[in-house]
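Descriptive analysis of the structure
Each chain is listed here by its residues.
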Amino acid sequence: MENQFRESDIPIGDLRKLGLMKNGKPDLSEEDIDALVAGHRTDLITLRDIHGDGIHIQKMDAKLSLQRDVDGHMSLQLHPIYRDVKKHPMLLDVEADQLEQGTLTHVLKTYQGGDGKKKTWLIEYDPETREFISSDPQKVRVPSKINGETLSELQKEQYRNGDVVQLTDGTRLQRRASSRSGVTSNREALMYSLILDGGISYLLLRGLRNLFGNKSAQKDAYTEGYQRALLDMQQAQRTRQVPIYQQENEQQVSGKGYSR
């Protein structure tokens, strides 16, 4: 699956200001670098001894993400843990409260843009940073298959809009912008198949977080469909040199403002 950014897009100067350079290389885990280039947020990272604009911060935990402005300039966005929740301007108070309490996983908000066309934002809450996160469902790259199962148009729409997608083998998954992998599931691993430029690419996701609010332990990832899709990926790699992408993701969950 094509990443949104390249590793060379990561602004070294921004990393250096945050004390995240070591021996000339980014002092980040491979998993956090993968998250950045995929357009996701990292896990919480402890920053120490930060100086800037006359401010000295001895220690701070924050997530990082990449952003490209209209001129193509790349910058590293800092998502600290907010002390107080800053309400999102598009949310009703009851919606914000339900997101914070975990009784809602997300809210879809539709509005009319300046060009007169309707636009939609998916808003969720990240309890780790106490931040509301907005994303554009229309910019989401939806897999054609998951664990070898072809997604229906309804399932693709559910994936895009942040709803839980149920597969026939009992696998359940949900797109989450606050997750380092961009998805959570009742299984620790998933195999994506994507159609890119007329060909198939594969994305192997491992170490996934459990579904938001799921009280049950994650199920065995190695379903028949997952293993069959893994074999298909390996066969495709041997015969056609199909790109294989692999992400090792979250291990545990810790924890305002809002961002778009």
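Report follows, based on the coordinates.

It is worth spelling out the overall build of the protein at this point. Within the protein one finds five helices and 17 strands. Taken over 260 residues, the protein has a buried fraction of 46%. Only carbon and sulfur atoms are counted for the fraction: they give 45% of the accessible area of the protein, which is about 14,200 Å².

Time to look at helix α3 (residues 93–101). Buried within α3 are the following residues: Glu95, Ala96 and Leu99. On an axial view of α3, the arc spanned by its buried residues comes to 100°, and they lie on one face. Opposite its buried face, α3 presents the exposed residues Asp93 and Gln101, each directed more than 90 degrees away. Packing partners of the buried residues in α3 comprise β6 (107–112), β7 (118–126) and β8 (131–135). Backbone geometry just after α3 places Gly102 at a positive phi near 85°.

Taken together, three strands build an open sheet; the order of strands is β11-β12-β13 and the sheet is antiparallel. The open sheet is flanked by β11 (165–166) and β13 (183–185), the only strands paired with a single partner. Summarising the sheet, strand β12 (residues 172–175) and β13 pair through three bridges and their orientation is antiparallel. Of the residues in β13, the one forming a bridge with Arg175 is Val183.

Right, let's get into helix α2 (residues 30–37). Of all eight residues in α2, six are buried, a share of seventy percent or more. Along α2, the residues classified as buried are Asp32, Ile33, Asp34, Ala35, Leu36 and Val37. Gly39 sits one or two positions beyond α2 and adopts a positive phi of about 90°.

Turning our eyes to something else, we now look at the pairing of β12. Of the strand pairs in this sheet, β11 and β12 are connected by two bridges, and their pairing is antiparallel. Its bridge partner lying in β12, Val165 is registered against Leu173. In this structure, the hairpin formed by β11 and β12 is closed by a connection of five residues, where Gly170 is found at a positive phi of approximately 90°.

Moving on, we come to the side chain of Ser181. Along the chain, the position of Ser181 falls in the loop between β12 and β13. Reaching out from Ser181, the side chain makes a polar contact with the side chain of Ser179 at a distance of 3.1 Å.

Formed by 19 residues in total, the largest nonpolar core has its most connected members in Leu20, Leu28, Leu47 and Leu64. Counting residues per element, the ones that place at least two in this core are α2, β3 (45–52), β4 (55–68) and β5 (74–80). Element by element, the count of residues in this core is highest for β4, at four residues. When sequence neighbours within four positions are dropped, the list of residues in contact with Leu64 reads Leu18, Leu20, Leu28, Leu36, His40, Arg41, Thr42, Ile45, Leu76, Gln77, Leu78 and His79.

What follows is about the packing of aromatic side chains. In the structure shown here, the tally under the stated rule is three aromatic pairs. When the ring of Tyr125 is compared with that of Phe132, the centres are 5.1 Å apart and the planes differ by 50°; the resulting orientation is tilted. On the accessibility criterion, Tyr125 (7% relative accessible area) is buried. Residue placement shows Arg176 over the ring face of Phe212; its charged tip is 4.6 Å from the ring centre.

All told, the structure shown has 17 salt bridges when counted by the stated rule. Members of the salt-bridge network, linked through shared partners, are Asp32, Asp43, Lys63, Asp126, Glu128, Arg180 and Arg209.

Turning to unusual backbone geometry, a few remarks are in order. Phi angles above zero are rare outside glycine, and Arg130 is one such case at about 55°. You can see Arg130 is positioned in the loop between β7 and β8. Of note in the backbone geometry, Asn147 takes a positive phi value of approximately 50° without being a glycine. Among the structural elements, Asn147 can be located in the loop between β9 (145–146) and β10 (149–150).

Our next topic: the environment of Leu205. Following the sequence through the fold, Leu205 ends up in strand β15 (residues 199–206). Look at Leu205 and you get buried, because its relative accessible area is 1%. Distance in space between the C-alpha atoms of Leu205 and Met191 is 6.3 Å, their sequence separation being 14 residues.

The rules behind these values
Residues numbered from 1 in each chain as written. Predicted model: local features only at pLDDT ≥ 70, side-chain atom pairs only at ≥ 80, totals over all residues. Heavy atoms only, no water. Helix = DSSP H or I, 4+ residues; strand = E, 2+ residues; numbered from the N terminus. Buried < 20%, exposed > 50% of the residue type's maximum accessible area, 1.4 Å probe, protein only. Areas by Shrake-Rupley, 256 points an atom, 1.4 Å probe, with all protein chains shown as cover. Arc of directions from axis to C-beta. Contact = heavy atoms within 4.5 Å. Pairing = 2+ DSSP bridges. Polar contact = N/O pair within 3.5 Å; in protein donor to acceptor, adjacent residues only side chain to side chain. Core = buried A, V, L, I, M, F, W, Y, C linked by side-chain atoms within 4.5 Å. Phe/Tyr/Trp six-rings, centres within 6.5 Å; stacked < 30°, edge-to-face > 60°. Lys NZ or Arg CZ within 6 Å of the ring centre and 35° of its normal. Salt bridge = Lys/Arg side-chain N within 4 Å of Asp/Glu carboxyl O.

By themselves, these are just geometric observations and shouldn't be taken as functional.
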